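Commentary on secondary and tertiary structure
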Amino acid sequence: MALSFKPIHPAIGAEVQGLDMRKPVDAETAQALRDAWVEYKVLVLHDQPITDAQHVAFSEHFGELEVHHQDIIRDGQLPSIFKVSNVDENDRIRPPADLTMKQLLSTKMWHTDSSFRKNPAMGSILHGVEVVDKGGETCFTNMEAVYEALPADLKAKVEGRRCLHDFAYLSVISGSRKPTAEEMSKMPPIWQPMVRVHPVSGKKSLYISPIYNEKIEGMDDAEAKQLLDILYEICSEDRFVYEHKWAEDDVVMWDNRATMHRVYPYDPNTRRVMHRTTVVGDGPVMAA
Ligand code: OGA
Ligand code: MN
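Described below are features of the structure shown in this document.

What counts and how
- Residues numbered from 1 in each chain as written.
- Chains lettered and ligands numbered in written order.
- Predicted model: local features only at pLDDT ≥ 70, side-chain atom pairs only at ≥ 80, totals over all residues.
- Heavy atoms only, no water.
- Near = heavy atom within 4 Å.
- Polar contact = N/O pair within 3.5 Å; in protein donor to acceptor, adjacent residues only side chain to side chain.
- Helix = DSSP H or I, 4+ residues; strand = E, 2+ residues; numbered from the N terminus.
- Expected span 1.5 Å × (residues − 1).
- Buried < 20%, exposed > 50% of the residue type's maximum accessible area, 1.4 Å probe, protein only.
- Arc of directions from axis to C-beta.
- Donors = N, O, S within 2.8 Å, 3.2 Å for Na, K, Ca; no water.

To continue, consider the site of ligand 1. If you check the shell around ligand 1, you find Val84, Thr107, His111, Asp113, Leu126, Thr138, Trp254, His261, Val263, Arg272 and Arg276 and nothing else. Between ligand 1 and the protein, one listed contact pairs an oxygen atom with a side-chain N or O atom of His261 at 3.1 Å.

Let us now look at helix α8 (residues 221-235). Along an α-helix, a turn takes 3.6 residues, which lines up residues three or four apart on a common side. Between its terminal C-alpha atoms α8 stretches 21 Å, which fits the 21 Å expected from 15 residues at 1.5 Å a residue. By the burial criterion, the buried members of α8 are Ala224, Leu227, Leu228, Leu231, Tyr232, Ile234 and Cys235. With its buried residues spanning 155° around the axis, α8 presents them on a single face. Along α8, exposed side chains directed more than 90 degrees from the buried face belong to Ala222, Gln226 and Glu233. Where α8 begins, one side-chain oxygen reaches toward the backbone nitrogen of Ala222, 3.2 Å away; that side chain belongs to Asp220.

Turning to the coordination of the manganese ion (ligand 2), a few remarks are in order. In the first shell of the manganese ion (ligand 2), the protein supplies His111 (NE2), Asp113 (OD) and His261 (NE2), at 2.1 to 2.2 Å from the metal. Mapped onto the sequence, the residues coordinating the manganese ion (ligand 2) show the spacing H-x1-D-x147-H. Of this pair, Asp113 sits in the loop between α3 (99-105) and β5 (123-130) while His261 sits in strand β14 (residues 259-263), and the two are 148 residues apart along the sequence. Using a relative accessible area of 5% as the deciding quantity, one classes His261 as buried.

And the structure:
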């Protein structure tokens, strides 16, 4: 397979050409993809009419896959498929008051996947099964570039500091179902460094995940909120952000170790069905 990568934004992302995800991937191709994934952080593949089983088989080239802790998100047949979908198990669109819908809609805020785990996700691979015509674009921001661009006073504030990543905070801000005590015992809140080092490239990046962050070490909540709000603004600057307009059977894979993502609003009465696999991380987050 002759693989090539075409950058799609000055700061982040490349389109992969010459790959058919339905076919087996040889070792050389898998390595080229791994290298490009670290270099570009976001890889976009068009026209990939894959089955869930093909999606899983492709994803397994990059490591072990996460199984979601919530059965509403996890697929009944293939547990490593996450259903990022506004359609329920009876194939009906979820109403706005539905707690799963509320959780899903929280992805409109910047985050990096499963940062509340001791070993957060390395990468996520998302397949557009049913996409919406208007809105619903997914945006990705380059957190290495954001870190580099921080003014000295902000760098000094985040260097050597930790921020709390708490899965339960998501239910506070989105009004979704509160995790049970048993769920929380499996994923207690964790202090993560605000500046991390990428285990492959060695580059530093800002590591925050707004949907899980409320507290910063050594700051009261108001001060933490003020700092986080300033950081989110910088993360949102166009110069760092690639905005993906979905076509059916697009696949987008992102490196959670150096990016955040969020989805733009869309009409919640239109079907949006996305299937995701998540590659388990390569270890606890390394502080810079
Ligand atoms: C995700 C996510 C955004 C989207 O799958 O992790 O945040 O566009 N999805 O649905
Ligand atoms: Mn996400």
